[in-house]
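A look at the structure
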Amino acid sequence: MTSPKKVRIHHFREMKQRGEKITMLTAYDFPTAKAFDAAGVDMLLVGDSMGDNVMGYDSTVPLTIDEMIPYTRSVARAAERAFVVADLPFGTYEVSPEQAVESSIRMIKATGASAVKFEGGRRIARQVKAVTDAGIPFCGHLGFTPQSETALGGRRIQGRGEHGVEELVADALALQEAGAFAVVLEMVIAPAARAVTQALDIPTIGIGAGPDTDGQVLVWLDAAGVGDWHPRFSKQFGAVGQALHDAAAGYVAEVKSVAFPAAEHTFES
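Criteria and cut-off values
Residues numbered from 1 in each chain as written. Predicted model: local features only at pLDDT ≥ 70, side-chain atom pairs only at ≥ 80, totals over all residues. Heavy atoms only, no water. Helix = DSSP H or I, 4+ residues; strand = E, 2+ residues; numbered from the N terminus. Rg over C-alpha atoms; globule rule 2.2 N^0.38 Å. Buried < 20%, exposed > 50% of the residue type's maximum accessible area, 1.4 Å probe, protein only. Contact = heavy atoms within 4.5 Å. Salt bridge = Lys/Arg side-chain N within 4 Å of Asp/Glu carboxyl O. UniProt positions renumbered as here; feature names shortened; annotations may be inferred. Core = buried A, V, L, I, M, F, W, Y, C linked by side-chain atoms within 4.5 Å. Phe/Tyr/Trp six-rings, centres within 6.5 Å; stacked < 30°, edge-to-face > 60°. Pairing = 2+ DSSP bridges. Axes fitted to C-alpha atoms, helices over the stretch in contact; angles between N-to-C directions. Expected span 1.5 Å × (residues − 1). Right-handed = clockwise from strand over helix to strand, strands pointing away.

When you go through the protein chain residue by residue, the secondary structure sums to 11 helices and 8 strands. Since a compact globule built from 269 residues should have a radius of gyration of about 18 Å, the 20 Å found for the protein chain is in line with a globular shape. Along the first, second and third principal axes, the C-alpha atoms of the protein chain reach 70 × 40 × 40 Å. Buried positions account for 49% of the 269 residues belonging to the protein chain. Contacts in the protein chain between residues at least 24 apart in sequence constitute 57% of all its contacts with a sequence separation of at least 6.

As structure tokens, this is what we get:
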């Protein structure tokens, strides 16, 4: 099937129906998003993972919507084909449906993103319903939810236990009923992710959730081999971190030795 010139919400449901896997990567700036868009990535997520991966925070919790807006705007400007989803940071949607709608409207208007995402299941279904009723596309996030890491007892795999699968399915169905167009499943045991995927009409996007979800998402820094920490569920598809180090080291060496700039880099008249 011909790839769409611009990915829209209905394309994701169609992809689920025909068994075509959906691809999603995080992106936080214009050149990275432009490269991923050209590579054919279906969805670009400006995640609150920016907090600990880009801003240097210990977690995603300190990140603010003011910090996210300029990064999200740059990603949306780069995306000619990909569908852009923006996270709402911790503290911008939990209080009430009205707060969630106000934050979502601000994010969409200020950035040009196509949809918002925030964490939780049945407990935030009222917020999701209010956001989708306002005409804003919404992507859910279940399983390990980084904004609730302390309440979850750390980075714990989800879906385990006597009622783990049924609780996850119930949360996912609540999000679908509230109007979500897709649900991210993070660090979920594969049988639970499979059950949720089978129960939903909307697509599931897995990260550490096994191969049976309707698509996959990774933090691009993990996928490209940037940084010192890489989760078990990720895979390095490149060695960008090493390439950056080598380029910087080469620059330092040539400047110190006066090999750069050479004649071809110099204007004499």
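Taken as a whole and judged by the stated rule, the model has 10 salt bridges. Taking the shortest distance from any N to any O, the salt bridge between E167 and R122 comes out at 2.5 Å. In this pair, E167 sits in helix α8 (residues 164-178) while R122 sits in the loop between β4 (115-117) and α6 (125-133), placing the two residues 45 residues apart along the sequence. The class of E167 is partly exposed, set by a relative accessible area of 37%.

Residues annotated by UniProt as "binding site: Mg(2+)" (unreviewed entry) correspond here to D48, D87 and E119. Of the residues just listed, which span 72 residues, no C-alpha pair is farther apart than 10.7 Å, and they cluster in one region. Positionally, D87 belongs in strand β3 (residues 83-87). Not counting chain neighbours up to four residues away, the residues in contact with D87 comprise L45, V46, G47, D48, M68, M107 and K117. Checked against the element boundaries, E119 lands in the loop between β4 and α6. Under the relative-accessibility criterion, E119 is labelled buried at 2%.

Right, let's get into the nonpolar core. With 72 residues, the main nonpolar core has M43, L44, V85, F118 and F181 as its most contacted residues. Among all residues touching M43, those that are not within four sequence positions of it are F12, I22, T23, M24, L25, F83, V85, F181 and I205.

Turning our eyes to something else, we now look at the packing of aromatic side chains. One pass over the full model with this rule turns up 7 aromatic pairs. Their ring planes at 55° and their centres at 4.6 Å tell us that F118 and F138 sit as a pair that is tilted. Here F118, found in the loop between β4 and α6, pairs with F138, found in strand β5 (residues 138-143); they are 20 residues apart in sequence, far enough to count as distant. No difference in accessibility class separates F118 from F138, as the two residues are buried. These aromatic residues form a ring-pair network of at least three members: F12, F83 and F181.

The UniProt record marks D48, S49, D87 and K117 with the feature "binding site: 3-methyl-2-oxobutanoate" (unreviewed entry), using the residue numbering of this structure. A maximum C-alpha distance of 12.3 Å is found for the annotated residues, which run over 70 residues; spatially they form one tight group. Structurally, the position occupied by S49 is in the loop between β2 (43-46) and α3 (50-53). When near neighbours in sequence (up to four residues on either side) are disregarded, S49 contacts T26, Y28, V54, T60 and V219. Every residue in contact with K117, bar those within four places of it in the chain, is listed here: L45, V85, A86, D87, L88, F138, C139, G140, H141 and V184.

For the rest of this paragraph, the subject is the sheet that holds β3. Read around the closed barrel, the 8 strands follow the order β1-β2-β3-β4-β5-β6-β7-β8; overall the barrel is parallel. When strand polarity is set aside, the average angle formed by the axes of neighbouring strands in this sheet is 25°. Sheet analysis places β3 next to β4, joined by 3 bridges and oriented parallel. Bridge pairing links V85 to A115 in β4. Across the sheet, α8 is in contact with β5 and β6 (182-186); its angle to β5 comes to roughly 170°.

Counted at 1.5 Å a residue, the expected span for helix α4 (residues 65-78) with its 14 residues is 20 Å, and the 20 Å between its end C-alpha atoms agrees. Among all positions in α4, only I65, E67, M68, I69, T72, S74, V75, A76 and A78 are buried. Contacts made by the buried residues of α4 are with α2 (30-39), β2, α3, β3 and α5 (97-111).

Judged by which residues are buried, strand β7 (residues 204-207) turns out to be covered on both faces: T204 and G206 on one side and I205 and I207 on the other are all buried. Handedness of the crossover is the feature at issue here: the chain leaves β6, passes through helix α9 (residues 190-199), returns alongside β7, and the resulting connection is right-handed. Two strands pair when backbone bridges link them, and β7 and strand β8 (residues 215-218) are joined in this way by 2 bridges, in the parallel orientation. Residue G206 lies in a different strand from β8, and its bridge partner there is Q216.

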